[in-house]
Amino acid sequence: KKGLNEVMLPALGLEKYLNMMLFCRIIVPLSAFVLYGAMDSLIALIFPKYFNGFTIGGFMTIFTDLGDLLMINLILQSVFFFNVLFSSRKILKSIGAFMLIGVATTILSATVMIIADKAGTFESLARTDITIYKGDRGYFDINKSDHFLFIYLQLVRIFTTIVVPIGLMIGSYFILKNKRY
């Protein structure tokens, strides 16, 4: 028997997929969070003079920002997708895939910025003071009067935190459904 144990279950593809998603997206991160809190408390009990503990409170602040939650979602879904996609040497292939995606994203963004610069889009930035991230705006707000750079960043944000995870979810379901072991 090789491959994922969940694939060998006598169940529908959707049930197997939901079982894997439950473990990969909820139970494993929650277990890591509980272990982190337990270790934090244990170190605080052992070394109260040097460590006041409860740094988990600082860790909890990432759960208050929508952007952080969506990026965590992207990372978890990417790891899950590559886990389903590759059968052997999953870690090495996943790291290689992340590196290739990073290089491709950098090349694409640089190309867009070069084209925008040649069109004179950034000339206005030299004369004005522009704020990219405004606190009073929503995470996905785009206005007609926004600068090209802000609109580009918002579109990239929407694509990477919404479109890509949904695509990875659908892709991992169909890979799991069609994979034979």
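Quick notes on the rules
Residues numbered from 1 in each chain as written. Predicted model: local features only at pLDDT ≥ 70, side-chain atom pairs only at ≥ 80, totals over all residues. Heavy atoms only, no water. Patch = residues over 30% accessible without salt bridge, like charges linked within 9 Å, V, L, I, M, F, W, Y side chains within 5 Å. Areas by Shrake-Rupley, 256 points an atom, 1.4 Å probe, with all protein chains shown as cover. Salt bridge = Lys/Arg side-chain N within 4 Å of Asp/Glu carboxyl O. Helix = DSSP H or I, 4+ residues; strand = E, 2+ residues; numbered from the N terminus. Axes fitted to C-alpha atoms, helices over the stretch in contact; angles between N-to-C directions. Parallel < 35°, antiparallel > 145°, perpendicular 65-115°, else oblique. Left-handed = near helix turned anticlockwise from the far one by under 90°. Contact = heavy atoms within 4.5 Å. Nonpolar A, V, L, I, M, F, W, Y, C, P; charged D, E, K, R; others polar. Expected span 1.5 Å × (residues − 1). Buried < 20%, exposed > 50% of the residue type's maximum accessible area, 1.4 Å probe, protein only.

Novice: Any chance you could break down a nonpolar patch on the surface for me, citing the residues and the numbers?
Specialist: A grouping of Leu66, Phe140, Phe159, Ile162, Val163, Ile166, Met169, Ile170 and Phe174 is seen on the molecular surface, where their side chains present a nonpolar patch of about 760 Å² in accessible area. For the nonpolar patch, the element with the highest residue contribution is helix α6 (residues 148-178), accounting for seven residues. Note on placement: Phe174 falls in helix α6.

Novice: Give a description of the packing of helix α1 (residues 13-46) against α6 that names residues and reports values.
Specialist: Direction vectors running N to C along α1 and α6 enclose 130°, while the axes themselves pass 9 Å from each other. What the angle tells us is that α1 and α6 run oblique. Crossing geometry of α1 relative to α6 is assigned as right-handed. Touching Gly13, Leu14, Lys16, Tyr17, Met20, Met21 and Arg25 of α1 are Met169, Ser172, Tyr173 and Leu176, all from α6. Tallied by class, the residues present in the contact of α1 with α6 amount to seven nonpolar, two polar and two charged.

Novice: Summarise helix α4 (residues 90-118); cite the residues concerned and give the values.
Specialist: Under the 1.5 Å per step criterion, the end-to-end length of α4 is 42 Å for 29 residues, consistent within 8% with the ideal 42 Å. Burial in α4 covers these residues: Ser94, Ala97 and Ala116. At its buried positions, α4 is contacted by α3 (66-85) and α6. Phi turns positive, to about 85°, at Gly120, one or two residues after α4.

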